[in-house]
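# Tertiary structure, described
Spelled out, the chains give:
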2 protein chains.
Amino acid sequence: MGIVKERYKMKFAKLSVMRLFQYKDFLIRAKSIGIKNLFSDDLAEAMGTTSTQVRKDFSLFGLSGNKRAGYNIDDLLEQLNELLGKNEKQRVVIVGAGNIGRALMKYSGFYKEGLEIVALFDSDINNYNASANPPVLPLESLYEFICKYKIEIGVIAVPYHAAQQVLDIMILAGIKGVMNFAPIALKSPKDFYINDVNLKLELESVAYFVKALKMEQEEQTNDV
Amino acid sequence: MGIVKERYKMKFAKLSVMRLFQYKDFLIRAKSIGIKNLFSDDLAEAMGTTSTQVRKDFSLFGLSGNKRAGYNIDDLLEQLNELLGKNEKQRVVIVGAGNIGRALMKYSGFYKEGLEIVALFDSDINNYNASANPPVLPLESLYEFICKYKIEIGVIAVPYHAAQQVLDIMILAGIKGVMNFAPIALKSPKDFYINDVNLKLELESVAYFVKALKMEQEEQTNDV
DNA sequence: TGGTTAACGTGAAAATATTCACAAAACCAT
DNA sequence: ATGGTTTTGTGAATATTTTCACGTTAACCA
């Protein structure tokens, strides 16, 4: 088993992987303002975590720095790019040209990270626009399109009652993982990756935790 | 210490809280198609988790069912609504009228969960529209607005270099928690709640885990 | 009406994630 | 060179989350 393969951890360290992506974004910014080296402390400070966490994340994936001089940004970015796969371009289709689908489509930050939104699909004929960039195509052509261009990544941004149907088409056509905005637990084979993002839930939970914080404070006040 | 207060868990069980919100959404749907009762197994099946997890989540927050007959949806929803706070209306401001800000604004699902988007704020004069619903107002009026209407929840959907500034205004004006879409670790007092949502990261990570799955499969193939 | 059993509720155990604590390496000053 | 200092890298300890295992109880049935 090669070292590179061995570094693609899956079962464990999901959260570490997420943080690695964030470290990378920060490093790119730091580099752009002329910084050449930094310590795990600097990274931790910028990311709102601890230096131990940073080093542990790196340790888990075999990323290393220099014992006294910290991390050279160029070196570290190279290691991260190899590990996180910036170098292979990945094409992505979005299904659902509603608010979320269009917001993602317009977001320009994907391309330079190796992700290219190649098409949107929608069931509403009023949204079609084959000459736009990316084009907005009829949902009926989704299967064919994925097969033809060998797309592996999808985004599901359709209402919840349509989501499983869309996913089934994607799976059949050869997609291997999706980001899912529909608020429903989708069913998929074991070798398929689903990343659920539920914006309503995320906002609702803020309201809850704000209330929880208030309760905590009231308790403390009463305790004295 | 009252029982109700005690149920607002904060330090632990963050993930349980998130799931409770999801159970609630599912229960609302189940109710709308006429279902009256269900078992932890049904909930687990629908949510893509296990019945043990469901019962443990409920147990942590004192939610209970019936030993042989499972859960009555109406009862459970009532308990969840009390716990998760549907009943108090919460007003929310969004800062940043870009793609994400507008997508959230247009999303209609918040209102019936007790969340009301009362205004958007933007620094670009071209986006102002005081007579829209919700209105789009100049960023300069953010502080005053929050104070005047005693808003406690905010959404930050501005570019990363503006996010901390916006947050500082919010904190000063009395907001207690935000959902943050800016890809940066914001600094805030300890009694402030921040929920970071990084869509670029979420999509990038799909690409990573798809690749990791492939590697795993290749290994298994080679192992035979 | 009393036995059976399906489902809940929950301590204990296992798995996963984070933090601690310290050895090893690298640099610096002398 | 040598001793002191700073920072990495990582096992061990701790904390948190999930899963297991099983006692309990309410509904059903004979």
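Preceding block: the structure.
The text that follows walks through the structure, step by step, so that each part is easy to find. (Residues numbered from 1 in each chain as written. Chains lettered and ligands numbered in written order. Predicted model: local features only at pLDDT ≥ 70, side-chain atom pairs only at ≥ 80, totals over all residues. Heavy atoms only, no water.)

## Remarks on the protein's contact with DNA strand C
Around DNA strand C lies a shell of 23 residues, among which A:Arg68, B:Ser40, B:Arg55, B:Gly65 and B:Tyr71 are the nearest. Counting only atoms of DNA strand C within 4 Å of the protein, the fraction found in sugar and phosphate groups is 62%. At a separation of 3.0 Å, a phosphate oxygen of DNA strand C approaches a polar side-chain atom of B:Ser59. Within the residue set of the surface near DNA strand C, elements represented by two or more residues are α2 (14-32) and α4 (51-60) of chain A together with α4 (51-60) of chain B. Its residues placed into classes, the surface near DNA strand C shows five nonpolar, ten polar and eight charged. (Near = heavy atom within 4 Å. Polar contact = N/O pair within 3.5 Å; in protein donor to acceptor, adjacent residues only side chain to side chain. Helix = DSSP H or I, 4+ residues; strand = E, 2+ residues; numbered from the N terminus. Nonpolar A, V, L, I, M, F, W, Y, C, P; charged D, E, K, R; others polar.)

## Overview of helix α8 (residues 160-173) of chain B
Residues and elements named next belong to chain B. When the terminal C-alpha atoms of α8 are compared, their 21 Å separation across 14 residues agrees well with the 20 Å that a helix rising 1.5 Å per residue should span. Where α8 is concerned, the buried positions are Ala162, Ala163, Val166, Leu167, Met170 and Ala173. Buried residues of α8, seen end-on, are gathered within an arc of 140° and therefore sit on one face of the element. Along α8, the residues that are exposed and aim more than 90 degrees away from the buried face are His161, Gln165 and Leu172. Buried residues belonging to α8 abut β3 (90-95), α7 (142-149), β6 (153-156), β7 (177-180) and β8 (193-196). (Expected span 1.5 Å × (residues − 1). Buried < 20%, exposed > 50% of the residue type's maximum accessible area, 1.4 Å probe, protein only. Arc of directions from axis to C-beta. Contact = heavy atoms within 4.5 Å.)

## Observations regarding the pattern of salt bridges
All names here are of chain A. Inspection of every chain in the model, using the stated rule, returns 15 salt bridges over all chains. With a shortest N-O distance of 3.5 Å, Lys200 and Glu204 are connected by a salt bridge. Of this pair, Lys200 and Glu204 both sit in helix α9 (residues 199-223), four residues apart, which is roughly one turn of the helix. Residue Glu204 is classed as buried on the basis of its relative accessible area, which comes to 4%. (Salt bridge = Lys/Arg side-chain N within 4 Å of Asp/Glu carboxyl O.)

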